[in-house]
Amino acid sequence: TQRRLAKMSKRGADTESKAKKEGFRVWCDGCYDMMHFGHANSLRQAKAMGAYLIVGVHSDEDIRQHKGPPVMNERERYEMVRACKWVDEVVEGAPYVTTLETLDTYNCDFCVHGDDITTTADGKDTYAIVKAAGRYKECKRTQGVSTTDLVGRMLLHSRNVTGSSADADQVGSSEEVTNIGKEAGTKMSTYTKGCTFLPTDRKILQFSDGNEPKKGDRVVYMPGAYDLFHVGHVEALKKARELGDYLIAGVYDDSVSEVFPGEHFPVQSLHERVLSVLACKYVDEVIIGAPYVIPEELLKQFEVNVVVKGKARTGESSGSEQEKDPFVVPKKLGLYAEIDSGCDVTSHVIIERIIANRQQFLVRNQKKEAKEAGVIAAHEKRMAEAAAAAAAAEKK
């Protein structure tokens, strides 16, 4: 589990402790569409810069105006940000352009954003005002993940799965989907282009608290694939956590997640899914590559009191090992419980939204790509002109 890794490292503790003592109130804002571990990592870094983190989440209306249609609606996005363990407060419908008035209203010392580009519909830097006032700090963007990349993956993934010409027409050509963020003749943005996420022990350590259950704690275990980590997962984990004091989430490895007939998952790799689950405030520990069929040894090792299954789970498993009821042991031991998340959102629903609105998402991502590439080109031109001017001054 990630807890054992966390025990081996105390890196960053002194820096975070100093920031908390200074009592800074930090502001972040964004769309947080399809909230992924890259979003969570930026919020983790922002929280390390202060004692209290307030996150503003833009409305559907503002996002449509400046970027195009979001995949997840505002209520779903608000709840996903609230579930992030580094977030102290969420401001719904936050302004798309960050102003000093917003920072002052929430008594925030400064704003934090990643080292990428965010612009309005007319190409202006949304953080220009707070930057000019010296109330802006940057954190590092997480390489290998973006909402644009995930949308492209889902479209390509769905096209490969369906196989029919009708579905292929709906999803798009392989070349079109692969280059979802790239407009013909346009330089590709370094911020939204797809690249492979490479997991490291450091990243898992950064996301892990390393806390152990206290003596007498009621330990709850809930396994799953947790692909495209979404509000349905969050609601299920929240209800599972209410059944005890310490929640362990078991994340199936990629080979197990692939065998559910009719699901054709996962879209994300094991470590991508693990980081998303680790960022959830309801989860205390994660078993990485959890066995599909729950053995008694696991229940004894982690001293599990309750094993939870969500009622909303889709599909039955297949294959030799997957033909078994994965919960047979906890049922036999009287540890089994079922919960209803009360949420209709599933990984299937998200992919269906993408396919149904394919053309809108293609246009949205192309515009975003072109806008970012334009800003990058303009910045490079200014830098080149400044360097040329400096060189000319030296010659004089």
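The rules we used
- Residues numbered from 1 in each chain as written.
- Predicted model: local features only at pLDDT ≥ 70, side-chain atom pairs only at ≥ 80, totals over all residues.
- Heavy atoms only, no water.
- Helix = DSSP H or I, 4+ residues; strand = E, 2+ residues; numbered from the N terminus.
- Buried < 20%, exposed > 50% of the residue type's maximum accessible area, 1.4 Å probe, protein only.
- Arc of directions from axis to C-beta.
- Pairing = 2+ DSSP bridges.
- Axes fitted to C-alpha atoms, helices over the stretch in contact; angles between N-to-C directions.
- Core = buried A, V, L, I, M, F, W, Y, C linked by side-chain atoms within 4.5 Å.
- Contact = heavy atoms within 4.5 Å.
- Right-handed = clockwise from strand over helix to strand, strands pointing away.
- Salt bridge = Lys/Arg side-chain N within 4 Å of Asp/Glu carboxyl O.

A.B. asks: Sorry if this is basic, but what is going on with the environment of E74 here?
C.D. replies: Structurally, E74 can be placed in helix α5 (residues 74-82). Look at E74 and you get partly exposed, because its relative accessible area is 24%. Residues E74 and I63, 11 residues apart in the sequence, show an inter-C-alpha distance of 9.7 Å.

A.B. asks: It is not clear to me how helix α17 (residues 347-356) should be interpreted in this structure. Could you clarify?
C.D. replies: In an α-helix, one full turn covers 3.6 residues, which means residues spaced three or four apart are oriented alike. All of the buried residues along α17 are S347, I350, I351, I354 and I355. Taken around the axis of α17, the buried residues stretch over an arc of 135 degrees, which confines them to a single face. Residues of α17 that are exposed and point over 90 degrees away from its buried face: E352 and A356.

A.B. asks: Quick question: what am I supposed to make of the sheet that holds strand β7 (residues 246-252) here?
C.D. replies: Think of a sheet as strands paired side by side through backbone hydrogen bonds, with each pair either parallel or antiparallel. Overall, parallel pairing links the 5 strands, which are arranged β8-β7-β6-β9-β10 in an open sheet. Single-partner strands in this sheet number two, and they are β8 (285-290) and β10 (336-339). Taking each pair of neighbouring strands and ignoring which way they run, the sheet shows an average axis angle of 25 degrees. With 5 bridges connecting them, β7 and β8 associate as parallel partners. Residue A249 lies in a different strand from β8, and its bridge partner there is V286.

A.B. asks: What's the story with the nonpolar core in this structure? I'm lost.
C.D. replies: Here is a general trend for soluble globular proteins: nonpolar side chains tend to be buried in one another's company. Grouped together as the largest cluster of nonpolar side chains are 66 residues, with contacts concentrated most on M34, L43, V55, M222 and L237. Those residues in contact with L43 that lie beyond four places of it in its chain are C28, Y32, M35, L53, V55, C84, W86 and V87. Of all hydrophobic cores here, the second largest spans 14 residues; its members include I248, I287, F302 and V304.

A.B. asks: Would you mind going over the pairing of strand β6 (residues 219-224) with me for this structure?
C.D. replies: Two faces belong to every sheet, and in a regular strand the side chains alternate between them. Across the 6 residues that make up β6, a large majority, 6, are buried. Where burial is concerned, the two faces of β6 agree: the one with V219, Y221 and P223 and the one with V220, M222 and G224 are both buried. Relative to β7, β6 runs parallel, the two sharing 6 bridges. Paired with P223 across the strands is G250, a residue of β7. In the classification by handedness, the crossover that spans β6, the intervening helix α12 (residues 231-241) and the parallel β7 is right-handed. Where β6 lies against strand β9 (residues 306-310), 2 bridges are found, and the strand directions are parallel. Paired with Y221 across the bridge in β9 is V307.

A.B. asks: What exactly am I supposed to notice about the sheet that holds strand β3 (residues 89-92) here?
C.D. replies: In spatial order, the strands read β3-β2-β1-β4-β5; together these 5 strands make up an open sheet with parallel pairing. Strand pairing shows two members of the sheet lacking a second neighbour, β3 and β5 (136-139), which therefore form its edges. Direction aside, neighbouring strands of the sheet carry axes that sit 30 degrees apart on average. Note: strand β1 (residues 25-30) against strand β4 (residues 110-114), 2 bridges, orientation parallel. Note on β4: the bridge partner recorded for V26 is F110. Each of β1, β2 (52-57), β4 and β5 is contacted by helix α3 (residues 37-47), which is oriented at about 140 degrees to β2, the strand it contacts most. Along the sheet, α5 makes contact with β2 and β3, crossing β3 at roughly 165 degrees.

A.B. asks: So what exactly am I meant to see when it comes to the pattern of salt bridges here?
C.D. replies: Pairs can form between side chains of opposite charge once their charged atoms are near each other. One pass over the structure, following the stated rule, counts 15 salt bridges. The salt bridge partner of R77 is D60, with a shortest N-O separation of 2.6 Å. Placement of R77 in helix α5 and of D60 in helix α4 (residues 60-66) is noted, with a sequence separation of 17 residues between them. As a salt-bridge pair, D125 and K131 come within 2.7 Å of each other at their nearest N and O atoms. Through salt bridges that share partners, R75, E79, R82 and E92 make up one connected network.

A.B. asks: What is the right way to read α12 from this model?
C.D. replies: With 8 of its 11 residues buried, α12 lies for the most part within the structure. Of the residues making up α12, those classed as buried are V231, G232, H233, V234, E235, A236, L237 and A240. The elements touched by buried residues of α12 are α5, β6, β7, β9, β10 and α17.

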